[in-house]
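Close look at the chain arrangement
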Amino acid sequence: SEVDLMLTKMQSADTSATDTVGSAAELAGTSWEVFELGGNALETETLPTLQFDNDGRVAAHAGCNRFNGAYTQEQDALNFAANMAGTMMACPPPYDELERQFISSLAQVAGIVSSDMQTALVDESGNAVLRMRMTN
């Protein structure tokens with residue numbers, strides 16, 4: 001059998017290149033679709049989404065429940081508030097596990113690294129927690 005790999009070169013979180021998202025104003029008003037979580041490509045019909053508004057709030061959807069909370073960004077540092085609010089519907093597989101992994105991964109985020117229309121949210125060590133692409 002054959003395996004296809006897609007590699008995207010991304011800058012490290014400590015660079016200051018012009019294509020790195022550098023301020024909350026750049027995230028504000030944008031919507032993203034998450035296509036990789038914890039190094040694994042997501043293969044679900046509905047992918048998780050993140051939508052950043054203009055006043056430091058973020059809305060998330062993982063295929064079943066909706067979540068919202070606060071985020072802070074200072075240059076390439078990004079953090080999500082630990083107390084995200086959300087609906088509590090029972091989710092069918094695979095969305096039940098995907099949702100748990102997605103929301104818990106947001107707590108690990110410490111930074112953001114961008115390349116073209118793709119962005120990685122990274123932990124304190126610079127490892128990709130999730131990868132997403134802009135949808136708007």
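These numbers were taken from a predicted model, which means no experiment stands behind them.

Conventions we followed
- Residues numbered from 1 in each chain as written.
- Predicted model: local features only at pLDDT ≥ 70, side-chain atom pairs only at ≥ 80, totals over all residues.
- Heavy atoms only, no water.
- Helix = DSSP H or I, 4+ residues; strand = E, 2+ residues; numbered from the N terminus.
- Expected span 1.5 Å × (residues − 1).
- Buried < 20%, exposed > 50% of the residue type's maximum accessible area, 1.4 Å probe, protein only.
- Arc of directions from axis to C-beta.
- Contact = heavy atoms within 4.5 Å.
- Pairing = 2+ DSSP bridges.
- Salt bridge = Lys/Arg side-chain N within 4 Å of Asp/Glu carboxyl O.

**Considering helix α2 (residues 95-106)**
For α2, which comprises 12 residues, the first-to-last C-alpha distance of 16 Å matches the rise-based estimate of 16 Å (1.5 Å per residue) to within 8%. Those residues of α2 that sit buried are Y95, L98, E99, F102, S105 and L106. Looking straight down α2, one finds that the buried residues subtend no more than 135° of arc, so they occupy a single side. Those residues of α2 hidden inside the fold are in contact with β1 (30-37), β3 (49-52), β4 (57-61), β5 (66-74), β6 (77-80) and β10 (128-134).

**Section: the pairing of β5**
With five bridges connecting them, β4 and β5 associate as antiparallel partners. Within the sheet, the bridge partner assigned to A60 lies in β5 and is F67. Connecting β4 to the next strand, β5, in antiparallel fashion are four residues, including G63 with a positive phi near 105°. Note: β5 against strand β7 (residues 85-86), two bridges, orientation antiparallel. What sits directly across from F67, in β7, is G86. Here β5 pairs with β6 via four bridges, running antiparallel. Residue pairing for β6: T72 is matched across the bridge by N79. What sits between β5 and β6 in their antiparallel hairpin is a turn of two residues, with Q75 showing a positive phi close to 55°.

**Notes on the pattern of salt bridges**
Per the stated rule, a full pass over the model turns up three salt bridges. For E36, the salt bridge identified is with R131, shortest N-O distance 3.1 Å. Within this pair, whereas E36 is found in strand β1, its partner R131 is found in strand β10, the two being separated by 95 residues in sequence. Overall, E36 belongs to the buried group, its relative accessible area being 17%. R100 serves as the salt-bridge partner of E97, at 3.2 Å between the closest nitrogen and oxygen.

**Description of unusual backbone geometry**
Cis geometry marks the peptide bond from P93 to P94; its omega dihedral reads 0°. Along the polypeptide, P94 turns up in the loop between β7 and α2. Even without a glycine there, the phi angle at Q75 is positive, about 55°.

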